[in-house]
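Architecture at a glance
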Amino acid sequence: KLLAEGLADIPGIAIDPAVQTNIVLFEVTAPGMTAERFITVMLEEHGIYFSQMSETLIRAVTHLDVSQDAIHTALRATREVLAVNLRRSEDGIRP
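Analysis parameters
Residues numbered from 1 in each chain as written. Predicted model: local features only at pLDDT ≥ 70, side-chain atom pairs only at ≥ 80, totals over all residues. Heavy atoms only, no water. Pairing = 2+ DSSP bridges. Helix = DSSP H or I, 4+ residues; strand = E, 2+ residues; numbered from the N terminus. Patch = residues over 30% accessible without salt bridge, like charges linked within 9 Å, V, L, I, M, F, W, Y side chains within 5 Å. Areas by Shrake-Rupley, 256 points an atom, 1.4 Å probe, with all protein chains shown as cover. Salt bridge = Lys/Arg side-chain N within 4 Å of Asp/Glu carboxyl O. Buried < 20%, exposed > 50% of the residue type's maximum accessible area, 1.4 Å probe, protein only. Core = buried A, V, L, I, M, F, W, Y, C linked by side-chain atoms within 4.5 Å. Contact = heavy atoms within 4.5 Å. Phe/Tyr/Trp six-rings, centres within 6.5 Å; stacked < 30°, edge-to-face > 60°. Polar contact = N/O pair within 3.5 Å; in protein donor to acceptor, adjacent residues only side chain to side chain.

Before going further, it helps to spend a moment on the sheet that holds strand E1 (residues 13-14). Read from one edge of the open sheet, four strands run E1-E2-E4-E3, paired in antiparallel fashion. Where the open sheet ends on each side, the last strands, each with one partner, are E1 and strand E3 (51-52). By the bridge criterion, two bridges tie E3 to strand E4 (residues 57-61) in an arrangement that is antiparallel. Within E4, the residue paired with Ser51 across the bridge is Arg59.

See below:
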């Protein structure tokens, strides 16, 4: 629930924060960003793994071994990746 609620507050993410399980599905809506690109950058730059479900849909799974600190780290990384993407889009640079 913490992950879903945090993702809901990030520009460039679309999600229903009323998640009831440890599986979180969300869409990347940031201009020029695809699920594949997001997942690649998150893994390569932050060591955080997500699963691609479609061109824009992403799946995240938490479990008992994922701490609140780890979730906050993932949310910070998500904000950073999407903010960099937005700046590049605004500057006319291909993400």
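Next up on the list: a nonpolar patch on the surface. A contiguous nonpolar surface patch, about 330 Å² in accessible area, is contributed by Ile23, Leu25, Met53 and Val61. Inspection of the secondary structure puts Met53 in the loop between E3 and E4. For Met53, a relative accessible area of 46% gives the class partly exposed.

With that settled, the discussion passes to the nonpolar core. If you look at the biggest cluster of nonpolar residues, it comprises 27 residues, and the most contacted ones within it are Leu7, Val24, Phe26, Val28, Phe38 and Phe50. Contributions of two or more residues to this core are made by helix H1 (2-8), strand E2 (23-28), helix H2 (35-46), E4 and helix H3 (68-90). At six residues, H3 tops the list of elements feeding residues into this core. Ignoring any residue separated from it by four or fewer positions in sequence, one finds Phe50 in contact with Phe26, Phe38, Ile39, Met42, Ile58, Arg59, Ala60 and Thr78.

Of note, Ala83 is situated in helix H3. Judged by its relative accessible area of 30%, Ala83 is partly exposed.

Next up on the list: the packing of aromatic side chains. Counting across every chain of the model gives three aromatic pairs. Ring geometry for Phe26 and Phe38: centres 6.1 Å apart, planes at 85°, overall edge-to-face. With Phe26 in strand E2 and Phe38 in helix H2, the pair connects residues that are 12 residues apart, well separated along the chain. The pair Phe26 / Phe38 is uniform in exposure class, with both members buried.

Let us look at the side chain of Thr78. In this structure, Thr78 sits in helix H3. On the basis of relative accessibility, which here comes to 1%, the residue Thr78 falls in the buried class. Of the polar contacts made by the side chain of Thr78, one reaches the backbone oxygen of Ala74; its length is 2.9 Å. Once residues within four sequence positions are removed from consideration, Thr78 is found in contact with Leu7, Ile10, Ile13, Phe38, Met42 and Phe50.

Two faces belong to every sheet, and in a regular strand the side chains alternate between them. Residues of E4 alternate between two faces, with Ile58 and Ala60 buried on one and Leu57, Arg59 and Val61 left unburied on the opposite face. Bridge count for E2 against E4 is five bridges, and the pairing is antiparallel. Across the sheet, Val24 pairs through a bridge with Ala60, a residue of E4. Between the antiparallel neighbours E3 and E4 lie four residues.

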